[in-house]
Each structure stands twice: as C-alpha cells, then as structure tokens.
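# Structure at a glance
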Amino acid sequence: MNHPGVLIVGQGLAGTVLGWTLEQAGIDWAMIDAGHATAASRVAAGIINPVTGQRWVKTWRIEELWPETRSLYQGMERALGVPLWREIKIRRYWRTDKERRVLQAKCDRGVLAPYVESVNTDHCVLAPAAQVDVPAMLGAARQRWQAEGRLTVGQVAWGKLGQNHSLVIDCTGAAARHGLFAAWPWAISKGEVLRVHAPDLDPGIILHRGHWLLPVARGDAWVGATHEPGVDDTAPTAVARDALLASGQRLTGLNLAPTEHLVGLRLAADDKRPVIGRHSGSSGYGILAGLGSKGVLYAPWLARQWAEHILLGSAFDSTVDILRLNPDNSGPR
Ligand SMILES: Cc1cc2nc3c(=O)[nH]c(=O)nc-3n(C[C@H](O)[C@H](O)[C@H](O)COP(=O)(O)OP(=O)(O)OC[C@H]3O[C@@H](n4cnc5c(N)ncnc54)[C@H](O)[C@@H]3O)c2cc1C
C-alpha cells in the first residue's frame, strides 16, 4: 500500500466518523479494516442518553456537543441515503426511593435542566435524547468507501506497517490495548445486548429501568446493556441473557424471546474520558479510541479535532489529549 495521506486503521464508529470528517475537510486518507466480527460498534445501540447512573449525572459536555453531533450524523444520512439520526425520549423508572430523592434534589437545584421533561409517580421522562443507527452507518459507509477504493479489507500487523503514510491513526477500538498504544492505562468492560421482537411499543420512547429497551423498526427492539468491568472475553452468557430478558419483560409486560444475542468490548481510559493524540514515542502514529459507552456523542468532536490538528496544527483539547495519561499503567498524570 502506498498512499501519501492519512491511514485510518479500523472502520468502527471511530474510524467511520473520522474518515467522514477528514473527507469533508479535504484531507487525503485511506482506510484498512479487518471486518466487523469483533467491533463494539456492531452491537452499539447508538443511544445518546443525557442523564445516566443511579446518581443522575448529566452526560459530560452534552449541551456543548449536541449540535455538532446531530449535524454530523444528519449530514451523513443525507449523503449516504440511509436514516441514521432520530430524536427520542427516555422513560426512566427509578428502582429505589433513594434514586427518586436524588433526582428530585437535583431537579430542585436545576442541575439537570433542560433534560428532565417531567417527574411522575414512578418514573421521569428525559429529553431530548437521540439514537444513531450505528450498524447502518457502518454498512453504508463501508459500501461507498470500498467502491471508491479507499477502504481495504485486511488486518494490520503493527510491527510490519512501514512508513508509506504521513500519519497512521489507530481506530481499532478494544484492539488498541494490544497495539502500539498497549502501554497506556486502558480499562475494558464487556457488554451484552439482545434483539427481541416487541410489537406495538411507542417507537419514540426508550424504556429504562436498570437496563433499557429501545424500539427499532418492524416491531423489533434492543434490550441492553450489561456492564462487566475487567471482563475481557466475548462469549455470550446465559446470566446476561436472563437478566436482560427479565428487564425487557418487566418494562413491556410482554413475553419476550431473543432473536439475537450480541457481545462487545468497550474500551476506556482509566479516567473514563476519550483519547486522541499522537504517540509520544512515534509522532507518525496517532489514536482515536477509548469511546467507552458514549462513542456516538463524542466521535464527531474528536474527529473534528483530528482534522483541525492535521490542517492547522491545532492542539487537542487537554481533557481528551493522550498526553494527560501516563503510558505506564500508573494512571493519569
Ligand atoms: C453492548 C454495548 C452497547 C453499547 N451501546 C452504546 C450506545 O447505546 N451508545 C453509544 O454511544 N455507545 C455504545 N456502546 C459503545 C460503542 O459501541 C463504542 O464506543 C464504539 O462502538 C467504539 O467504536 P470503535 O470504532 O472505537 O471500535 P470498534 O467498533 O470495536 O471498531 C474497531 C474496528 O477496528 C478493526 N480492527 C481492529 N484491529 C484491527 C487491525 N489490526 N487491523 C485492521 N482493523 C482492525 C475491527 O475489525 C473493527 O471493525 C456500546 C458498547 C457495547 C459493547
């Protein structure tokens, strides 16, 4: 392979949004991807949830990033001709009275505005939220870029890559913990989801009680997701399936059966912020990774930073720059 511009390794969510953004910025690039068999993006429900966790924490930077994120996916859906972005509400039930009290206290202080639309007897409604059809985006972009000769199918062996590109950006998701950036302080979390048939649900509402149920097309729905920090295998488990089915049934009152059971590994830095920047020992290599469970929201912002860095030499935002992390597993500086 001989190409003067940027080589993106990996066509998951990170690589796809990066490729799209570089293309829009007029930067020359090519891509190589091993296939989506192990991609976390293949199992990502694509939800942007504005408030998460038992302590009802507003998602980091959501207000600032929402317009840019929406505009990128809407632009992609127009260009690729597939629906990708939809705005949706989340009906979240609390599981304990403590959860309700924390929510109420935060609402009283205005901390969660504008995302709590209403608080009811056993649930609240969070809005706006959004959902991006990540598998559809990957498929449509892949088809286009393969036809254009930009995307090659193959597995990069890092030690044998050579220096044919001015810059190589690692977008390999969880595989980045084994590549050139292996020494950085990564944390892994296994996640499982189910596809189920759940007809007659309101398609505009995600139901959430510990787990979420996301209605999609043709009466189908996703139920997810489990989080198992530190678990590094991709085998589907009966324990996760039963827990997700129980949650889905409780949320819908329907007797559900899984049509698919999918597993992925989320990669995050140990401070839970995404990671971009150049390799400290080899500046011809860079990374866009560590998207954790919120890749859909953060990928457009990170990709824009890469485009500005390549074109203008701009510095990366210090909160996500890889320079904040020590490459020796001793944690953030
Ligand atoms: C169960 C589950 C549910 C999730 N739900 C959501 C959600 O609702 N909202 C959200 O924002 N995020 C969600 N996430 C997180 C989201 O999936 C990730 O943040 C995101 O998909 C990571 O994308 P990525 O491109 O970094 O990695 P990946 O999607 O893993 O893509 C990496 C790509 O690189 C390729 N690759 C790897 N090594 C090589 C190599 N050596 N050579 C060539 N190619 C290589 C792989 O084949 C793959 O295609 C979820 C994750 C899981 C596991």
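Residues numbered from 1 in each chain as written. Predicted model: local features only at pLDDT ≥ 70, side-chain atom pairs only at ≥ 80, totals over all residues.

### Concerning the site of the ligand
With respect to spatial proximity, 42 residues lie near the ligand, and among them Gly 10, Gly 12, Gly 173, Gly 191 and Gly 295 are the closest. Elements supplying a minimum of two residues to the shell around the ligand: helix H1 (13-24), strand E2 (29-33), strand E11 (186-197), strand E16 (258-269) and helix H6 (295-312). Among the residues forming the shell around the ligand, the class breakdown is 21 nonpolar, 18 polar and three charged. The residue makeup of the shell around the ligand includes at least three contributed by each of domain 1 (6-46 + 133-185 + 271-324) and domain 2 (191-266). (Near = placed C-beta within 6 Å. Helix = DSSP H or I, 4+ residues; strand = E, 2+ residues; numbered from the N terminus. Nonpolar A, V, L, I, M, F, W, Y, C, P; charged D, E, K, R; others polar. Domains from an automatic or database assignment.)

### Brief notes about the environment of Gly 204
Position of Gly 204 among the secondary structure elements: in the loop between E11 and strand E12 (205-209). Under the C-beta neighbour-count criterion, Gly 204 is labelled exposed, with 11 such atoms within 10 Å. Discounting residues that sit within four places of it in the chain, Gly 204 has contacts with Ile 88 and Lys 89. (Buried ≥ 20, exposed ≤ 12 C-beta atoms within 10 Å, placed from the backbone. Contact = placed C-beta atoms within 7 Å.)

### Here we look at the domain arrangement of the protein
Per the domain assignment, the segments making up the protein are domain 1 (6-46 + 133-185 + 271-324) and domain 2 (191-266). Using only C-alpha atoms to locate each centre, domain 1 and domain 2 end up separated by 28 Å. Taken residue by residue, the interface counts eight residues in domain 1 and eleven residues in domain 2. Grouping the constituent residues of the side of domain 1 that touches domain 2 by class yields four nonpolar, three polar and one charged.

### Section: the sheet that holds strand E10 (residues 167-170)
With mixed pairing, six strands are arranged side by side in an open sheet as E9-E2-E1-E10-E18-E17. Of all the strands in the sheet, just strand E9 (151-153) and strand E17 (275-279) have a single pairing partner and so form its edges. Pairs of neighbouring strands in the sheet enclose a mean axial angle of 20 degrees, with direction left out of account. By the bridge criterion, three bridges tie E2 to E9 in an arrangement that is parallel. Note on E9: the bridge partner recorded for Met 31 is Leu 151. (Pairing = 2+ DSSP bridges. Axes fitted to C-alpha atoms, helices over the stretch in contact; angles between N-to-C directions.)

### Remarks on the environment of Leu 84
The topology assignment puts Leu 84 in the loop between helix H2 (62-80) and strand E6 (85-93). According to the C-beta neighbour criterion, Leu 84 is buried, with 20 such atoms within 10 Å. Not counting residues up to four positions away in its chain, the partners in contact with Leu 84 are Tyr 73, Met 76, Glu 77, Val 132, Asp 133, Ala 136 and Met 137.

### A look at the packing of H1 against helix H4 (residues 134-147)
One way to put it is that H1 packs onto H4 with a least axis distance of 10 Å and a crossing angle of 55 degrees. Judged by the inter-axis angle, H1 sits oblique to H4. For H1 against H4, the interelement crossing comes out left-handed. Touching Leu 13, Thr 16, Gly 19 and Trp 20 of H1 are Val 134, Met 137, Leu 138, Ala 141 and Trp 145, all from H4. (Parallel < 35°, antiparallel > 145°, perpendicular 65-115°, else oblique. Left-handed = near helix turned anticlockwise from the far one by under 90°.)

### Some words on the confidence of the model for the protein
In the predicted model, the protein carries a mean pLDDT of 94, and the fraction of residues at 70 or more is 97%. Counting interchain partners and residues more than four positions distant, the pLDDT-below-50 stretch residues 329-333 has ten contacts. (pLDDT = per-residue confidence, 0-100.)

### Some thoughts on the packing of H1 against H6
Across the interface, H1 lies against H6 with an axial gap of 9 Å and an inter-helix angle of 40 degrees. As summarised for this structure, H1 and H6 are arranged oblique, according to the angle between their axes. At the point where H1 passes H6, the crossing takes the right-handed sense. Between H1 and H6, the contacting residues are Leu 13, Ala 14, Val 17, Leu 18, Thr 21 and Leu 22 on the first element and Gly 295, Val 296, Ala 299, Pro 300, Ala 303, Arg 304, Trp 306 and Ala 307 on the second. Classifying every residue of the contact of H1 with H6 gives eleven nonpolar, two polar and one charged.

### Details of unusual backbone geometry
Going from Ala 113 to Pro 114, the amide bond is cis rather than trans, its omega being 5 degrees. Relative to the assigned elements, Pro 114 resides in the loop between helix H3 (97-108) and strand E7 (116-119). In this structure, the amide linkage connecting Gly 224 to the following residue, Ala 225, adopts the cis form with an omega of -25 degrees. Within the secondary structure, Ala 225 is located in the loop between strand E14 (220-224) and strand E15 (228-229). In this structure, Arg 61 takes a positive phi of about 65 degrees despite not being glycine.

### Observations concerning the pairing of E11
Pairing of E11 with E16, which is carried by eleven bridges, proceeds in the antiparallel orientation. Across the sheet, residue Glu 192 finds its bridge partner in E16, namely Val 263. As paired strands, E11 and E15 are joined by two bridges and run antiparallel to one another. Residue pairing in the sheet places Ser 189 in a bridge with Pro 229 of E15. Pairing of E11 with E14 involves four bridges; the strand directions are antiparallel. Residue pairing for E14: Arg 195 is matched across the bridge by Trp 222.

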